[in-house]
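Fold and geometry: a report
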Amino acid sequence: MIRRTLAAAGTGLLAAAAGVAVAELLATGVRPQAAPLVAVGSAVVDGAPTPVKEWAVRTFGTYDKPLLLAGITLALALLAALTGVAARRRPALGLLGPAVLGVAGVAAALTRPDARPADALPSLAGAVVAAVLLRLLPLPGLPRRPPLPAAGPEPVGPAVPGTGSGATGDGVAGSGTAGSSRPGADRPTRRAVVRNATLVAAGTVFAGAGAAVLRRRNVADAARSREAVRLPAPASPARPLPAGVAPGFRTPTEDFYRVDTALTVPRIDVDAWRLRLHGLVARPVEVSFAELLDRGLIERDITLSCVSNEVGGPYVGTARWLGAPLAPLLRAAGIRSGADQLVARSDEGMTIGTPIETLLDGRDAMLALGMNGAPLPFAHGFPVRMLTPGLFGYAGACKWVTDLEVTTFEAFDAYWVRRGWARRAPVRTASRIDRPAPFARIPAGPVTVAGVAWAQHRGISAVEVSVDGGPWRAAELLPTASTDTWVQWRYAWSAPTGPHSLRVRATDGTGAVQPEQRRTPFPDGATGHHTITLTVR
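Residues numbered from 1 in each chain as written. Predicted model: local features only at pLDDT ≥ 70, side-chain atom pairs only at ≥ 80, totals over all residues. Heavy atoms only, no water.

A few words on the sheet that holds strand E14 (residues 460–467). Strand order in this open sheet of 5 strands is E12-E19-E18-E14-E15, and the pairing throughout is mixed. Each edge of the sheet is formed by a strand with only one pairing partner; in this case those strands are strand E12 (441–442) and strand E15 (473–474). Bridge count between E12 and strand E19 (residues 530–536): 2 bridges; the pairing is parallel. Residue pairing for E19: Arg 441 is matched across the bridge by Thr 535. (Pairing = 2+ DSSP bridges. Helix = DSSP H or I, 4+ residues; strand = E, 2+ residues; numbered from the N terminus.)

Right, let's get into the side chain of Arg 258. Along the chain, Arg 258 falls in the loop between helix H7 (190–227) and strand E1 (274–279). Within the structure, the side chain of Arg 258 is placed 2.8 Å from the side chain of Asp 260, a separation counted as a polar contact. A polar contact of 3.0 Å, which involves the side chain of Arg 258, links it to the backbone oxygen of Ala 262. Once residues lying within four places of it in the same chain are set aside, the contact partners of Arg 258 are Thr 62, Lys 65, Val 265, Ala 379, His 380 and Lys 399. (Polar contact = N/O pair within 3.5 Å; in protein donor to acceptor, adjacent residues only side chain to side chain. Contact = heavy atoms within 4.5 Å.)

As a further point, take the sheet that holds strand E13 (residues 445–454). The antiparallel open sheet is built from 4 strands, whose spatial order is E11-E13-E17-E16. Strand pairing shows two members of the sheet lacking a second neighbour, strand E11 (430–435) and strand E16 (476–477), which therefore form its edges. As paired elements, E16 and strand E17 (residues 487–495) share 2 bridges and run antiparallel to each other. Each residue of the ladder has a partner; that of Glu 476, found in E17, is Arg 490.

Let us now look at the nonpolar core. Counting 77 residues, the largest nonpolar core has Trp 321, Leu 326, Leu 342, Leu 367, Met 386 and Leu 404 as its most contacted members. Ile 433, Ile 442, Trp 489 and Leu 534 belong to the second largest nonpolar core, which has 23 residues in total. (Core = buried A, V, L, I, M, F, W, Y, C linked by side-chain atoms within 4.5 Å. Buried < 20%, exposed > 50% of the residue type's maximum accessible area, 1.4 Å probe, protein only.)

Once that is clear, we can look at a nonpolar patch on the surface. Taken together, Trp 55, Phe 60, Tyr 63 and Leu 67 make up a surface patch of nonpolar side chains, about 450 Å² in accessible area. Within the fold, Leu 67 resides in helix H4 (residues 64–89). By relative accessible area, which is 44% here, Leu 67 ends up partly exposed. (Patch = residues over 30% accessible without salt bridge, like charges linked within 9 Å, V, L, I, M, F, W, Y side chains within 5 Å. Areas by Shrake-Rupley, 256 points an atom, 1.4 Å probe, with all protein chains shown as cover. Salt bridge = Lys/Arg side-chain N within 4 Å of Asp/Glu carboxyl O.)

Geometric values such as these leave the question of function open.
And the structure:
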């Protein structure tokens, strides 16, 4: 009994694996976002309550997406195994599991913001393949479906006891299906089951390998497209960093934080990329990547921070960005009276809403296409991303941007606003202790306490440190590039032995002091003083 149940579960898993492999192969040719696992995962991300999203980012960081996909795969495997077991008892139930998965995949794919009708095909194909295989892969101990009776007249003649109805008097005519009455004669042999399962497994591997090959080819094509990009010298280069800036002022590209909802990183061909500017404008505009390169690029050092960043968190970084200034493009299009929001849309469907007044107030808002001297990495928005100094990323830094619509806040709520986040999201004044590390054990004597503080587009005028709840003492501010970047600071502390706590606060360029009250990131950024504890030996 246990062996048959395990065999049934294995059949369900094999059928589901084949369906997923076929769906992945088809999605690679349609769109990677249409793959069932990715589509369902994206729907889960969209539908998750804000506290759950915050917890996932806080707990798992950039590993949240692989863990989500792993969880969905595990749930799929469990449902597939249960479907196989149910089909062993009642074959009609074998259609239920694939039907549920197919409907879920199609619904998830078609409800994405950038959905296309063809996105339903991979989930449909995968469900059909799984359902057919569940019918064609009989299990040991289960009878095959009975054959249809042969056409022809009923045999005539008196029945002979022991021969069965319809047997002729000589007892021979009724034996035309000799052997069919033996126990188990209608059941598939173990050899047949193993043979069929092997064939299906081989087909699954073949389809999965084909999908992997196509994905690698697409990735290689996109990589060649990026490698062919030659960034021109900026018309307005960034100023050299002032003397006295400490190491680590700029964040290496490979260490720069990534927070977004894309389960698969879009890989867009430069030659196919277009940006459309439309909506409440007098003259709609469409530009190619080559045309964007000719618009007189600016180069700036800018600090970006994510609204999901907790007090003292890692989701902040500084890079040297190269891009086309956004304000001239908006003015050339002619913004109509009453428009107050620019909605940026990404290739994978994300919408980011930015106040137009912010984009036109003189700050270096740009369509960035370079980062730290190279074309944007794919994970950071290649070929083009929007960037707005002084705003949290969810309100001014759309990756993989392909569409800009001039509209109003009254007419449209962007992705995060629909989920309760604030419409206007200026970066909050923040500071962080980077050295010593939390819970460090350090020797007594002179200690340099150091970290960063930021209030993009307002700048930082002061940083103070408090030891063990004592008075605030001024820290030294190191030179910085501009008000759009963070400031490095340090504080000389003569550390006595024993346990201690260190606290930091910053004052921005307007004179506003960083608030002490602790608040979570929702709905417009975390507040509070970063505090660490350590032991001096």
